[in-house]
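# An overview of the molecular structure
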Amino acid sequence: MGDFLYEYEMGKAADVIVKELFKVKPGENFVITADTKSDERVVNATARAVYAAGAKPMVIWTATPPGPGKQVDGFLPCAPIKAALLEADCWIEYNAMYFLYSSTYEEVAHTNKKLRFLCLPGMYVDVFIRLFANTNHGALRDLLHAVRDKIRAAKHVRLTSTTGEDISFDNHPDYPINARDGYADEPGTHMLAGMISWTPDLDTVNGVIAIDGSLVPQFGVLSEPVKIYMKDGVIDHVEGGATARQWEKYMRDFHHPQMLRPAHVCVGFHPNAKLTGQLGEDERIFGGSQWGFGAIGSFLMPPDGIPAPSHIDATCLSVSIYLDGTAITIDGKIVDDELKEYAARLGK
């Protein structure tokens, strides 16, 4: 958004997060974490809204680690950060290289049973306003819950795209299928609104994932597709240009088997999201899908998840979603009659 200030709009976005999504109560301890790649204006707007709501904001700034997840553990002063989070009622992270999937996060999430955690990695002003100040969260929640229920009822899922994606898998009966609706008013791990996320039955993932959006947080928006060939839940090989070669080398250089396996799949339905290279927004593009590789959080695969050295996300655009052979979207557009009614409330 250039050099514009947008102070009023930021205030509204922060109020939505604090009052509507967190439903913050007076006197609550509210921790905000950020690194040197985070947007200071977003952090400060949130802290102001927390303070105005009668809660107690605490902002923790750190240097930026080389990567997310477990790559933060040995890099940051995690012991004092952990001490603060273990006493917090609310935690929002704006870290570009996020704590989610780290040992620090896992210990806090398992120990502090009252904590309401909202993960918003690398959030900056443009995205902050578009996805919070300008969104009907109630209508979005209703659509997401309706999509989630359809996915929960399915055994087999297939995703295709005109870019060459054709990937299929079975749902695992013991893994949760989550409607990420953005509401953080109950204890647990919460995400930016706008997607359904779940871990499939990993050994059943077969086919081609065609990444034509972004590879984040390390590589950003792509100039040409990266095709990831999956065989029984493991990356067999990767095709594409220079970025494809760099990404495959990056993943294999961890020398860890889980870095070559999926962590989760997501499908996006946020009406205002667009491709920007911002992690949270790209994952939620309406009609897109997204795959995570590497560490699997305990919130995706109870009770402990699967640890790995890092985590990276890959976005696909304009995807067709088939549930047990029946399409609910074609080329990114909803075709299911029931879901069309929910989408209409969001102008889609």
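Each remark here, short or long, concerns the structure printed above.
Everything in this summary refers to the structure shown in the same document.

What counts, and where the lines are drawn
- Residues numbered from 1 in each chain as written.
- Predicted model: local features only at pLDDT ≥ 70, side-chain atom pairs only at ≥ 80, totals over all residues.
- Heavy atoms only, no water.
- Helix = DSSP H or I, 4+ residues; strand = E, 2+ residues; numbered from the N terminus.
- Rg over C-alpha atoms; globule rule 2.2 N^0.38 Å.
- Buried < 20%, exposed > 50% of the residue type's maximum accessible area, 1.4 Å probe, protein only.
- Contact = heavy atoms within 4.5 Å.
- Lys, Arg positive; Asp, Glu negative; His and termini not counted.
- Charge placed at Lys NZ, Arg CZ, Asp CG, Glu CD.
- Phe/Tyr/Trp six-rings, centres within 6.5 Å; stacked < 30°, edge-to-face > 60°.
- Lys NZ or Arg CZ within 6 Å of the ring centre and 35° of its normal.
- Axes fitted to C-alpha atoms, helices over the stretch in contact; angles between N-to-C directions.
- Parallel < 35°, antiparallel > 145°, perpendicular 65-115°, else oblique.
- Left-handed = near helix turned anticlockwise from the far one by under 90°.
- Expected span 1.5 Å × (residues − 1).
- Polar contact = N/O pair within 3.5 Å; in protein donor to acceptor, adjacent residues only side chain to side chain.
- Pairing = 2+ DSSP bridges.
- Core = buried A, V, L, I, M, F, W, Y, C linked by side-chain atoms within 4.5 Å.

On to the overall build of the protein, then. Helices and strands together make up the secondary structure of the protein, namely 9 helices and 20 strands. Its C-alpha atoms give the protein a radius of gyration of 19 Å, within 12% of the compact-globule value 20 Å for 348 residues. C-alpha extents for the protein along the principal axes are approximately 50 × 45 × 40 Å. Across the 348 residues that make up the protein, the buried fraction comes to 59%. Across the protein, the fraction of contacts at a sequence separation of at least 24, relative to all contacts at a separation of at least 6, is 73%. Measuring between centres, the 33 positive side-chain charges of the protein sit 2 Å from its 45 negative side-chain charges.

Our focus in this paragraph is the packing of aromatic side chains. Counted under the stated rule, the structure contains 14 aromatic pairs. With a centroid separation of 5.6 Å and an interplanar angle of 85 degrees, the aromatic rings of F169 and W291 are classed as edge-to-face. With a gap of 122 residues between them, F169 in strand β6 (residues 166-170) and W291 in strand β16 (residues 289-296) connect regions that are remote in the sequence. Pair check on accessibility: F169 and W291 agree, each one buried. Ring plane angle 85 degrees and centroid distance 5.9 Å describe the contact between F219 and Y250, whose orientation is recorded as edge-to-face. Taken together, the positions of F219 in the loop between β11 (214-216) and β12 (220-221) and Y250 in helix α7 (residues 242-252) put the pair 31 residues apart, joining distant regions of the chain. Accessibility expressed as a relative area gives 21% for Y250, which makes it partly exposed. Sitting over the ring of Y183, R141 keeps its end group 4.5 Å from the ring centre. The ring centre of F286 lies 4.9 Å from the NZ or CZ of K348, which sits over that ring.

Let us look at the packing of helix α6 (residues 137-152) against helix α9 (residues 337-344). Between α6 and α9, whose axes approach to 9 Å, the crossing angle comes to 160 degrees. Relative to α9, the element α6 lies roughly antiparallel. Seen along the crossing, α6 lies across α9 with a hand that is left-handed. Along the contact surface, α6 presents D142, L143, A146, V147 and K150, while α9 presents E338, L339, Y342 and A343.

Time to look at unusual backbone geometry. Of note, the amide linkage connecting V216 to P217 takes the cis form, showing an omega dihedral of 5 degrees. On the secondary structure map, P217 appears in the loop between β11 and β12. Of note, the amide linkage connecting P302 to P303 takes the cis form, showing an omega dihedral of 0 degrees. Structurally, P303 is set in the loop between β16 and β17 (306-316). Look at Y6: it is not a glycine, yet its phi comes out positive at around 55 degrees. Along the chain, Y6 falls in the segment before α1 (7-21).

Let's shift gears to α6. Helical geometry: 3.6 residues make up each α-helical turn, so side chains three or four residues apart lie on a common side. Taking 1.5 Å per residue, 16 residues should reach 22 Å; α6 reaches 22 Å between its end C-alpha atoms and fits that length. Among the residues of α6, those classed as buried are H137, G138, A139, L140, L143, L144, A146, V147, R148 and I151. The opening residue of α6 is N136, an N-cap whose side-chain oxygen sits 3.2 Å from the backbone nitrogen of G138.

With that out of the way, let us pick up the sheet that holds strand β9 (residues 195-198). Strand order in the open sheet formed by 7 strands is β7-β9-β15-β16-β17-β11-β12, with antiparallel pairing between adjacent strands. Both outer strands of the open sheet, β7 (177-180) and β12, are each paired with one neighbouring strand and no more. With 2 bridges joining them, β11 and β12 adopt antiparallel strand pairing. Counted as the bridge partner of S214 is V221 from β12.

Here we take up the nonpolar core. The biggest cluster of nonpolar side chains holds 80 residues, and the ones touching the most others in it are W291 and F293. With 7 residues, α6 is the single largest residue contributor to this core. Among the nonpolar cores identified, the runner-up in size contains 38 residues, and A13, V43, V127 and A184 belong to it.

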